[in-house]
Structures are given as structure tokens and as C-alpha cells.
Amino acid sequence: MVRYTSRMQLRINTYIDGDSFVHTCDARAKVLLLCAYTATVFWIETWAGQCLLGFLCLVLALSAHVPLGRMLAMGIPVYMMAALTVLFASINNQVGFAMGCFYGLRIILLVLGSFIVVLTTTSTALTDALRSFVSPLRVLHVPADDIAMVFSMAIRFIPLMAQELCAIHDAQFSRGASFHRGGLWQRVSAWPPVFIPLFVSMFRRADKLSVAMDARCYGARGRRRTSLRDCRMTASSAAALAVGLALLAAIALLL
């Protein structure tokens, strides 16, 4: 007899707490290095360069004490995409299997680099980094604070949505919904009673949030938001940024 659990669990917290240098490095430095890393991945056209970038990702993950099993498991959908890339490249005679593997490895390296940043940086630090990046646009009357606030709320709505999804799923399962039994159509038809209340609940939360923000005068003109934390890049973070950019530039030019 097969038993199905009625408890749905989603892993939504990607940040791994730690005190390594990768964790304590300024989020703006990590984001800039990620952008430079992405440009380097697309720039180099040799296997040696790709392997060196993969080695750098491995070194950073080990130095940050990031569980390699968890980080690699997060990229399972990306591996499938890379496999499809290799498959379609093999079918195309102008590309070939070797170039397909090269492009697939490029996709995997891009995602692994972003995983290192996400796993070692809190969502609050990423929001502060975004606010710092867009703050110079205030001279052009761009609502930098509003952009950062929207980004922050979007991040915080993700765990709320996941929690609500699990609660509604468990409630529907207790009422006899067949999520794991029956044919494909029966399983698919069990999900609309989950998603409809979920969207209704999210719109209700958004409406309450808009009323609360309006009561606190968010969006008022001529007002500049303050921050609890002083976002100043330390000397060690600036040095890591300079060394990282120099290393990536050397890899792009030499390989």
C-alpha cells in the first residue's frame, strides 16, 4: 500500500548563514562581480577558460562553506535546459555536439555563479545594493526609493505565497483532492481549487498593503527615505572587487 503525505513543504529560504569572507563581502561588490563574471562567460570561447571559471566557482563555494549537494540540486532544471541545448546542437550540423556541450556548460556556469551570490547574500542586502545602484538616478527624477521598495516587497511576498500555497494545498488534500492519485487529468484538475484561493488571498494582501503604505505617506513627493543600515563599502570588499575584476579581465583577455 502506497501512502501519500498530506503535508506540502517548499524550500524557500535560499540564504545560508555564515561568517566567511564571501558572506561578509559587500552585496554591491558581489553583484558587480557577478555581472563581470557573466560578461566573461560570454566573452571567452575556449574550454580552458570555461574550466577555469568553473574552478573559481568551486573555490568560492568551498570557501563560503556552501553545501555543494544543495547548490547542485538547485540547478536541476538548468541541467535539463543544458541537455536540451546539447541535443538540439547535435541535430544541427552547423553547430555540432562539441559546441552544444560548450554552450550547455556556459549555461551551467552562469547559474552556478548566481547561486553563490544568492546563497551567501540576504534579500535585505540585495535590496540595499539595488537602492545604492539606482540612487544616482534621482537627479533624473527617477523614483529610486520606490523601485527599491517594490523589489523588497516582491522578495518578501515569495515566502508568504509559498506558505499560503502549502496551507491551501493541505486543506484541499484533507477534503479529498487527488494530487498524487489517478490519471494525469485528475491530478491536473485538482490544482485549480488551490491556485484560485491563492490568487484571491494574494490580491487581498496586496490591497491591505497598499492601504497601509498610503496611510504612512509612501510615495509622497519631496521626501527621501532613510535607511537603518549605513551602506558603506569596506576596504576589504573594495579590494575583493578590484582583485576579482582584474582576474576576470585577465581570463577574458588571455583565454
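See the structure above.
The numbering scheme is per chain: residues are counted from 1 as the chain's sequence reads. Given that this is a predicted model, residues contribute local features only at a pLDDT of at least 70 and side-chain atom pairs are listed and counted only at 80 or more, while totals for whole chains, interfaces and linings are drawn from all residues. With hydrogens and water stripped out, all remaining heavy atoms of the structure feed into the side-chain values.

Undergrad: How would you sum up the packing of helix α7 (residues 123–134) against helix α8 (residues 144–174)? Please name residues and give values.
TA: When two helices pack together, you describe them by how their axes are tilted relative to each other and by the distance separating the axes. Between α7 and α8, whose axes approach to 9 Å, the crossing angle comes to 160°. Comparing their axes, α8 and α7 come out roughly antiparallel. Seen from above, α7 lies across α8 with right-handed handedness. Note on element contacts: α8 touches α7 through Ala 144, Asp 145, Ile 147, Ala 148, Phe 151, Ser 152, Ile 155 and Arg 156, opposite Ser 123, Thr 124, Leu 126, Thr 127, Leu 130, Arg 131 and Val 134. Note on definitions: angles span 0 to 180 degrees between N-to-C directions of axes, and those axes are lines fitted to C-alpha atoms, for helices only across the stretch in contact. Helix numbers and strand numbers start at the N terminus; a helix is a DSSP run of H or I with at least 4 residues, a strand a run of E with at least 2. Note on terminology: angles under 35 degrees are roughly parallel, angles over 145 are roughly antiparallel, angles of 65 to 115 are roughly perpendicular, and the others are oblique. Crossings are classed by handedness, with left-handed meaning an anticlockwise turn of the near helix from the far one by less than a right angle and right-handed meaning a clockwise turn. Here, residues are in contact when the closest pair of their heavy atoms is within 4.5 Å.

Undergrad: Now, about the nonpolar core: what can you tell me, with residues and values included?
TA: Buried Ala, Val, Leu, Ile, Met, Phe, Trp, Tyr and Cys residues form a nonpolar core when they are joined through side-chain atoms within 4.5 Å. Buried residues are those whose accessible area, probed at 1.4 Å on protein chains only, stays under 20% of the maximum for their type, while exposed residues exceed 50% and partly exposed ones sit between those limits. By size, the foremost hydrophobic cluster in this structure holds 22 residues, and its most contacted members are Tyr 37, Leu 53, Val 66, Met 71 and Ile 116. Put simply, the parts of the chain that give this core at least two residues each are α2 (27–43), α3 (47–63), α6 (96–119) and α11 (235–254). Considering each element in turn, this core owes the most residues, seven residues, to α6.

Undergrad: Provide a residue-level description of the environment of Ala 61, including the pertinent values.
TA: If you trace the backbone, Ala 61 turns up in helix α3. Look at Ala 61 and you get buried, because its relative accessible area is 0%. Taking C-alpha positions, Ala 61 is 9.3 Å from Phe 115, a pair spaced 54 residues apart along the chain. Other than its neighbours up to four places away in sequence, Ala 61 contacts Val 66, Leu 68, Met 71 and Ile 116.

Undergrad: Describe the environment of Asp 17, listing the residues and the values that go with them.
TA: Mapped onto the fold, Asp 17 is located in the segment before α1 (21–24). Among the residues examined, Asp 17 registers a relative accessible area of 66% and is labelled exposed. Counting along the chain gives 104 residues from Asp 17 to Thr 121, while the straight-line C-alpha distance between them is 8.7 Å.

Undergrad: Which residues make up the packing of α2 against α6, and what values do they have?
TA: Between α2 and α6, whose axes approach to 10 Å, the crossing angle comes to 175°. Here α2 is positioned roughly antiparallel relative to α6, judged by the angle of their axes. For the pair formed by α2 and α6, the contact residues are Lys 30, Leu 34, Tyr 37, Thr 38, Val 41 and Phe 42 on the first element and Arg 106, Leu 109, Leu 110, Gly 113, Ser 114 and Val 117 on the second. Gly counts as polar in this scheme, as do all residues outside two lists: the nonpolar Ala, Val, Leu, Ile, Met, Phe, Trp, Tyr, Cys and Pro, and the charged Asp, Glu, Lys and Arg. The class makeup of the residues in the contact of α2 with α6 is seven nonpolar, three polar and two charged.

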